[in-house]
Structure formats: C-alpha cells, structure tokens
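# Geometric and topological summary
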Amino acid sequence: MASANRKPTVVHVIGNEVKPFSLRNCNGKDFSLADYRDTKGFILVFTCNHCPFAKLYMQRLNEMNAKYKSLGVPLIAINPMDSNIYEEETLAGMQSWAREKKFNFPYLQDASQDIARMFHATHTPDAFVIWKKGGKWIIRYSGAIDDNGEKPAQAHSFIGLAVDQLLSGKMVSKPETLSFGCAISYRGG
Amino acid sequence: MRKIYCLRLVLVLLAPLTPIHAQYKNLWIPDTISGKTFNLNIRDTFSQLISTGNQTITGGINGKFWGPTLFFQKGDTVHLNVHSFLNDSTTLHWHGMHLPAVMDGGPHQIIPPGTVWQPYWKVNNQAGTFWYHPHLHEMTTEQLIKGIGGFIIVRDSLESTLPLPRKYGVDDLPIVLTSRKYDANNQFITTNTAYGDYMLTNGTPNAQVSLPKQIVRLRLLNAETERGYNLGFSDNRTFYIIGNDGGLLNAPVAVTRVKLLVGERVEILVNLSGDAIGSSIDLKAFNSGQAFGFPGGEPNSTGQFGSLLNNIDFGVLHINVAATTTNPITSIPTVLANNTYWTATDATVSRAISITDGQPGPGNPPFALDHTPFVLSYINKTVDLNAIEKWTVTNNNVFGHTFHIHDVQFKIVARNGNAAAVGAYESGWKDVMSVPVNESVSFVAKFEDYADALHPYMYHCHFSNHEDGGMMGQFTVNNPASVNPVSAKPIDFAIMPNPAMDRLYVQLADQANSVYYLTIVTITGRTVLMLPQPQLAHGIDISFLKPGNYLIQVMDEKTKSLSTRSFIKQ
C-alpha cells in the first residue's frame, strides 16, 4: 500500500560518494555511470510520468540538458516509481512519455529503487548534481530543481546555480534545498 | 472608508497576515453537487496560496483545494463514485453519517492510487452540516493539511419548511476554518506541527465576503489539526446557534461566543439588518487568555506547539455588508426542530474511556485512549445492535482533547456527572465533543440499523496528529440474533460477457447468497475497483478500465470467504 507509515525525513547526502551504477534506458542505450570516465559531472533528476508537479518540469529538463551537456554536464532522468502501484510507470509507459515530451536525455528505470535509496530521494522531482573528484562521483547538490513550479520565467534555478559554480571551480553556495512533489513510496517502507 | 482603513491597520498590528498578502481575498465558496450520484475525483494539484514565489502543493477534490459541497436529501439512497488519482493511498470518511461500516471510509476502506471506490447508503441523517475527509491511519494529518475534504449538507422536509436562510453562497454559507505553516518553498508543513501560522478560510488567505443586510446563516466547520476557535464577532454582537454537528436544535440559543473544536460543526444565524451597507464586521477567534489545555492557547509563537496565532485574538473572516436580497429572512425563528433526545436513564450499557499518556518528554508514549494505542486488526469494543449506551470519556490528562465516534449521533447528558453542566450551545445531536482538562463528558447514543461483525467503526480524538499517533479505537456493532454459518464453501458465480467491454454481469449460482464486497484487481495485484455490498442486478461499469486481463474477487456476505474469477476487458 502506497504511503502508510511513511514519515519522510531529510537525509543529508552532500559530500557522499555515489558508487557507479547501471540502469535500463527507455529511450536509448542503457546507462552505466562507469562508462563516463571523462565527464565532469551529471545533473540527476528523479522524476516520473504521473506526478502533476514533475510534469511541470519536462521542458526545463530538456533546456537544462541542452545547455549543460555541451559544457560537459549531461542530464539524466531516473524513474523510481513502483510500476505495480502506478501502471503508467512501466518501461513501455516511460517510452511513450519520453517520446511524447521529446526528451533529449536518457530516461532510466530504477525498477529496484536501489539508486533512489542510495540518493535518499524523497519526491519526484528530486534533483542532484554529482561531480567527478579524484576518480569518484560526489554529490554536490540535492533538492529542488528551482523555486517555481508553474512559472519557469520567474524561477531561480538551484541546479543551474550549482552547476555554474562548479564549472567555474567555486563552492556551491546553496548545496541543499527542500525538494517537493509526489512522495516516492519505497517497497518495504 | 476611513473606518475600514483603520480596521485594516489594526488588523496588521494585531494578527499576522499571509506573507506578501496585505489585502483581503474574496472568500472561495465551494461548488455544489446535488442529486443521488456524486462523482469525486481526488487529485494532487497545486495552488498559488502565497502571492509570490512557488505554488503550494495541495490536494483537491474536483478542484484545486478542498472539494464540492454535496447536497443530500434525507431518505435518498446516494451513490458516491470516488476515484483517487492521488500519488498516495487514501480513504474518504463521511463524517457524521449513519451508514454501514463497510461504507464508512475509515482506516479499513483504503483506496489505493488510481482506484475507484463506490460506496452507497440511504441518507438517514436529519438536515444538518456534515463533512467528508481522509481517514488513512498515520496519513490523516498530512492529507487533511493538503486540503482534501468537503462539506455535506443534508436537507429534509422539516428544515425546508422553516423560515431559515437557504440561498447557498448568498445568505447561507459553508465556512471551513483552518490554518497553515509554510516552509521556504511555500509548501505546507505537515510534520512536527500542531498549529498553522496563517488562516485559510475556505482555503482563502485573509478572506473577505460580502453578505446581505439581513439574517445570514453560517455553517462553520473546524477542520484544523488541533486548534480550537472561540468564535464571536468583532463588536461582540449576539448571534444564534441553530444547529450542532447532527442537525438543528429545537430552538435557537443566543450567545456572544461559541467554542468550535476540531471536527465540530455549528450553524449560526447572525443579523446584519442593522448594519449600514458598506460597513464591515469580522468573525473572530477570541483565543487569548483561554483556560489551560485549550488547543491554540499555548504561549509559544514558534516551535512544534507554537504559532503566530496562539493565545491571541484574530480575524477569521472579514464581512462586508451589502444590499439586501429579494425575499430576505428578517427575523430569528423561535422554533426549529422537534428532536426527542436520549437521557442517561435510557442507556442499558455504560462504558468508560480514559484519555491517557502524551506526557511531554522524549521516550514518553503518545496520547492514547485507555493506554491502548490503535491497532488496525484489534477490535476494542463490541456493541449489540439496537443497544442504547452511555459512554463517559474522562480527561485527567495534560491537555484538552476532542472525542468523535463514527456511525451515531449522540446526546451529551453530563459534564463531570452533572446534567446541568451541559451547555445549551451543545444541547443538540452531536458526533464530536470537547473534553477539556480535568473534565469527564458523558453521552448517550443508540447503535441501530447496521450490524457488521467484520468491519468496525472508529472512535478517536479528532486532533489528527493525536489520531495518527494512535489515540483511536474501534468497535463493531454485532447482531446477537445472527447465526454463524456452518459451511465455509466459497461462493460460486459466473461472469458474462467474457471478454467484456462496457459492463460486466455477475451471476450467483445460489440466489440465496449475497455479495459483501467485490473488488476488481489487475493481474499484478493492483486494485482498480472497490464495490462494498454491490447491487449487481444492473451489472458493473468497467468502461473506464484499460484493456487487459483482470481478476474479480467476490466476498460472500455470510461466510466472508473469497472467490476469484478472471476476465478480459476489451
């Protein structure tokens, strides 16, 4: 049953190492973090098909990838939703969604929810920036994508700020914000 | 004009306004649904509650926040199509309604995401103001704060003949009082908080409404987490209580203040015919200086039990007086209903419940009833069908609470063992009562019409944070005359057509059987349709299902055994 006994607590993950992982991709080659030896960093967004708040960000995900991939920081989207509960979150459902929204980035299925657990992701959308340092992937930002769901023109991008700062060698001034959206129900609580 | 400006300035000094909202916003009046079929679609959505910055995630039924007002006619059988599109499971409880336990929408009638639940019942309640809201264990606070809920207004032939205001949204208004705290992203804070900092009246921050210069009727509901409201008007004028939780009183009760605690409704009449058009008064919460244990009287303005609205007087609705309508009500009726109430001597069974635990401090157990935290599978009490019982709830606890019981309306017969101590303001039929510190409150109710050994009704403190913490119990109403079935053979049935497209028909092999519950489940185990005590003669509407293979599970009324068949939806 989705949601009973869920008391989401914020777990601080800034500075944590992300172990290389592999996930099935619904719209291209399967993703393996270990393949990206020369990439500076990734924007990693946990999102899904059905959540009304995640739906607001579809164009922004394309825009962020278009801007930052060429600067060496590609965006990947990960779907952690349990397709037993939400029937549109199967791989086939994700394929349709990616096609409909014209995703220009990989949309990966976290069927076991292991990757979402590793990041302690709580909502969709829940966004992270991971950065390569000394051969390891380190989490440098966690939280919301920006501060305005319905009005992108008025939004201040927390992801954009973090990536810009990291690209210019600076510290991330706002490494953590509260994510908001639909709660991720983890199997087994 | 100057008078209004000064009033606004005084309000700014006295009470916090929603951030950036220095102006009043027009009160939202919920839409209505009338008739016998009610379609409720529960969705996650969002609303610009704070004027700058992010939208607030809310839960709405057929809309952005809260839900439509349902008009029921006493005697009608109403059919509810509840379709949850929420990300989370939920339930929808028909608060105050007398109906079968399996239709009640309490913690046992869980609606998973994407599922349709179709309860139905005969409206037995007399005319009054009721409500519907989520009741999923440990999630009730969060889902209530999100805004899921709505009013039910029952009409009957007696109330329709009375000279009362009845033009919905014009001189007869539903008013739901709540408050909220917001985080840095403008989202509702739903954990570790008892009281909001900013009012939302019908989901409207800093609400104002135009009411006509005549007698107006306000149906007030407290849908807070914990806060009580000591309601009155800014000029301390007299107003008239005409109804409690369960319906009209026998005669209006004149007051200048009324305490409205969580879950309670009160219907009042207020006379605006002496007010100048263009003038304003405020409905206010006079919450300062209350006795210890009044929820919202704590001195803290921050922290888990703090709030900017604690222990102060603040406005909950700004009323601007406008022109009289045609056919106004211009006098307060002297006679209302003709209720005959239970007395203590009617009761054949007495029960005692204590409010326990909840002492502040780490490691202390949360508030409970009789030291027994709620367990979903444990039935605390068994009541005989048609019993008239007296329940006494005693509070020797650190804080005030409310007590709500499902299924019945009760009559409060004593406070501290004294019948004369029961207030005139609470002398009608009720389903929620205030239990202050160091008080005991007794009520009498009759548990009639519906018996079910399997599905229970709930009783609990209606502070949703206490309820979620386990301050709840459950009872079944049992029919001592019912015979235990000998055979546990599963019910035999056929389904046709198969494959089916729009409607599915269930044919029981033995017409003596009846179906207690029918669910349709996907082959991966996801419930899509919940039909309690289904009426199968006209078939089941499956047009909304996606094509594929499904399982239909039928539970037999007598034995409660399950039988399963599969079918294909084309």
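Residues numbered from 1 in each chain as written. Chains lettered and ligands numbered in written order. Predicted model: local features only at pLDDT ≥ 70, side-chain atom pairs only at ≥ 80, totals over all residues.

### Some thoughts on the overall build of chain A
Selection rule: Counting from the N terminus, the helices are DSSP H or I runs at least four residues long and the strands are E runs at least two residues long. Atoms counted for the radius of gyration: C-alpha only. Globule rule: 2.2 Å times the number of residues to the power 0.38. Any residue surrounded by 20 or more other C-beta atoms within 10 Å of its C-beta is treated as buried, while 12 or fewer makes it exposed and the intermediate range makes it partly exposed; C-beta atoms here are placed from the backbone.
A tally of regular secondary structure across chain A gives 5 helices and 10 strands. Radius of gyration (C-alpha) of chain A: 15 Å, near the 16 Å computed for a compact globule of 189 residues. Overall, the C-alpha framework of chain A stretches about 45 × 35 × 35 Å when taken along its three principal axes. In chain A, which comprises 189 residues, the share counted as buried stands at 45%.

### Re the overall build of chain B
Scanning chain B for helices and strands turns up 4 helices and 39 strands. The C-alpha radius of gyration computed for chain B amounts to 24 Å, which stays within 12% of the reference 25 Å derived for 570 residues, consistent with globular compactness. Considering only C-alpha atoms, chain B reaches an extent of 75 × 55 × 55 Å along its principal axes. A buried classification covers 50% of the 570 residues belonging to chain B.

### Observations regarding the sheet that holds strand E4 (residues 41-46) of chain A
Residue and element names in this part refer to chain A. Here is the rule: In this description, strands pair whenever DSSP reports at least two bridges between them.
Reading across the sheet, the 8 strands line up as E1-E9-E8-E4-E5-E6-E2-E3 and stay open at both edges, with mixed pairing between neighbours. Of all strands in the sheet, those with a lone pairing partner are strand E1 (17-18) and strand E3 (31-32), marking the two edges. Bridge count for strand E2 (residues 22-25) against E3 is 2 bridges, and the pairing is antiparallel. Residue pairing for E3: Ser22 is matched across the bridge by Ser32.

### Focus: the domain arrangement of chain B
All names here are of chain B. Rules: Domain delimitation in this document rests on an assignment produced automatically or drawn from a domain database. Each residue is represented by a C-beta atom placed from its backbone, and any two residues with such atoms within 7 Å are regarded as in contact. In this count, Pro and Cys sit with the nonpolar residues alongside Ala, Val, Leu, Ile, Met, Phe, Trp and Tyr, while Asp, Glu, Lys and Arg are called charged and the others, Gly among them, polar.
Each assigned domain of chain B is listed with its residue range as follows: domain 1 (1-19 + 163-335), domain 2 (31-161), domain 3 (344-478) and domain 4 (493-569). Its C-alpha centre places domain 2 at a distance of 25 Å from the equivalent point of domain 4. On the domain 4 side, the residues contacting the 11 residues of domain 2 number 9 residues. When its residues are assigned to classes, the side of domain 2 that touches domain 4 shows 8 nonpolar, 3 polar and no charged.

### Here we look at the environment of Tyr57(A)
All names here are of chain A. Looking at where Tyr57 falls in the secondary structure, it is placed in the loop between helix H1 (52-55) and helix H2 (58-69). Among the residues examined, Tyr57 registers 25 C-beta atoms within 10 Å and is labelled buried. Spatially, the C-alpha atoms of Tyr57 and Gly149 are 7.2 Å apart, while their sequence positions differ by 92 residues. Dropping the residues within four chain positions of it, Tyr57 is found in contact with Thr47, Pro125 and Ile145.

### Considering helix H5 (residues 158-167) of chain A
All names here are of chain A. To keep it simple, the criterion reads: In this description, the arc belongs to the directions extending from the helix axis to the C-beta atoms.
Within H5, burial applies to Phe158, Ile159, Ala162 and Val163. Along H5, the residues classed as buried sweep out an arc of 125° about the axis, all on the same side. Along its buried surface, H5 packs onto E4, H2, strand E8 (126-133) and strand E9 (136-143). Where H5 ends, the next residue or the one after it, Gly169, has phi of about 75°, a positive value.

### Re the nonpolar core
Buried together is how nonpolar side chains tend to be arranged in soluble globular proteins. We count it as follows: As used throughout, a nonpolar core is a set of buried Ala, Val, Leu, Ile, Met, Phe, Trp, Tyr and Cys residues joined through C-beta atoms within 7 Å of each other.
With 135 residues, the main nonpolar core has Ile152(B), Leu220(B), Ile268(B) and Phe443(B) as its most contacted residues. Leave out the neighbours within four places in its chain, and Leu220(B) touches Ile175(B), Leu177(B), Leu231(B), Leu260(B), Arg265(B), Val266(B) and Ile268(B). Of all hydrophobic cores here, the second largest spans 54 residues; its members include Tyr57(A), Met64(A), Phe158(A) and Cys182(A).

### A few points about the interface of chain B and chain A
On the side of chain A, 22 residues touch chain B, which itself brings 25 residues to the contact. With 3 residues, the top contributor of residues to the side of chain B that touches chain A is strand E3 (residues 37-47) of chain B. The residue inventory of the side of chain B that touches chain A, partitioned by class, reads 8 nonpolar, 12 polar and 5 charged.

### Some details on the pairing of strand E11 (residues 150-155) of chain B
Residue and element names in this part refer to chain B. Across the 6 residues of E11, 5 count as buried, placing the element largely inside the fold. Two elements, strand E5 (residues 69-73) and E11, share 4 bridges in a ladder whose sense is parallel. By the bridge assignment, Phe72 is partnered in E11 with Val154. Pairing of strand E10 (residues 128-133) with E11 involves 5 bridges; the strand directions are antiparallel. Residue pairing across strands places Gly128 opposite Val154, the latter belonging to E11.

### What to know about the sheet that holds strand E13 (residues 198-201) of chain B
Residue and element names in this part refer to chain B. Spelled out, the test is: Orientation is described by axes fitted as lines to C-alpha atoms, over the contacting stretch for helices, and by angles from 0 to 180 degrees between their N-to-C directions.
The strand order across the open sheet formed by 6 strands is E13-E12-E15-E20-E17-E18, and the pairing between neighbours is mixed. Looking along the sheet, the strands with just one partner apiece sit at the ends: E13 and strand E18 (247-255). Averaged over all pairs of adjacent strands, the angle between strand axes in this sheet comes to 25°, irrespective of strand direction. Bridge count between strand E17 (residues 239-244) and strand E20 (residues 265-271): 3 bridges; the pairing is antiparallel. Bridge assignment links Gly243 to a residue of E20, and that residue is Glu267.

### As for the confidence of the model for chain A
The condition that has to hold: The pLDDT value expresses, per residue, how confident the predictor is, ranging between 0 and 100.
In this model, chain A carries an average pLDDT of 93, and 95% of its residues clear a pLDDT of 70 or more. Across residues 1-5 of chain A, confidence stays below pLDDT 50; counting only partners more than four residues off in sequence or on other chains, it has 21 contacts.

### Digging into the environment of Asn26(B)
All names here are of chain B. Along the polypeptide, Asn26 turns up in strand E1 (residues 25-26). Residue classification places Asn26 among the exposed residues on the basis of 11 C-beta atoms within 10 Å. Separated by 200 residues in sequence, Asn26 and Glu226 place their C-alpha atoms 26 Å apart.

### Some words on unusual backbone geometry
Following Thr124(A), the chain continues into Pro125(A) via a peptide bond in cis, with omega recorded as -5°. Relative to the assigned elements, Pro125(A) resides in the loop between strand E7 (123-124) and E8. The phi angle at Asn202(B) is positive, at roughly 50°, despite the residue not being glycine. The residue Asn202(B) is located in the loop between E13 and strand E14 (207-212) in this model. Phi angles above zero are rare outside glycine, and Asn236(B) is one such case at about 60°. Locating Asn236(B) in the fold gives a position in the loop between strand E16 (229-233) and E17.

### Overview of helix H3 (residues 91-100) of chain A
Residues and elements named next belong to chain A. Restricting attention to buried positions, one finds in H3 the residues Gly93, Met94, Trp97 and Ala98. An end-on view of H3 places all buried positions within 135° of arc, on one side of the element. Relative to its buried face, H3 has exposed residues pointing more than 90 degrees away, namely Ala92, Arg99 and Glu100. Structurally, H3 contributes buried residues whose contacts are with strand E5 (75-79) and strand E6 (107-109). Lys102 occupies a position one or two residues after H3 and carries a positive phi of about 55°.

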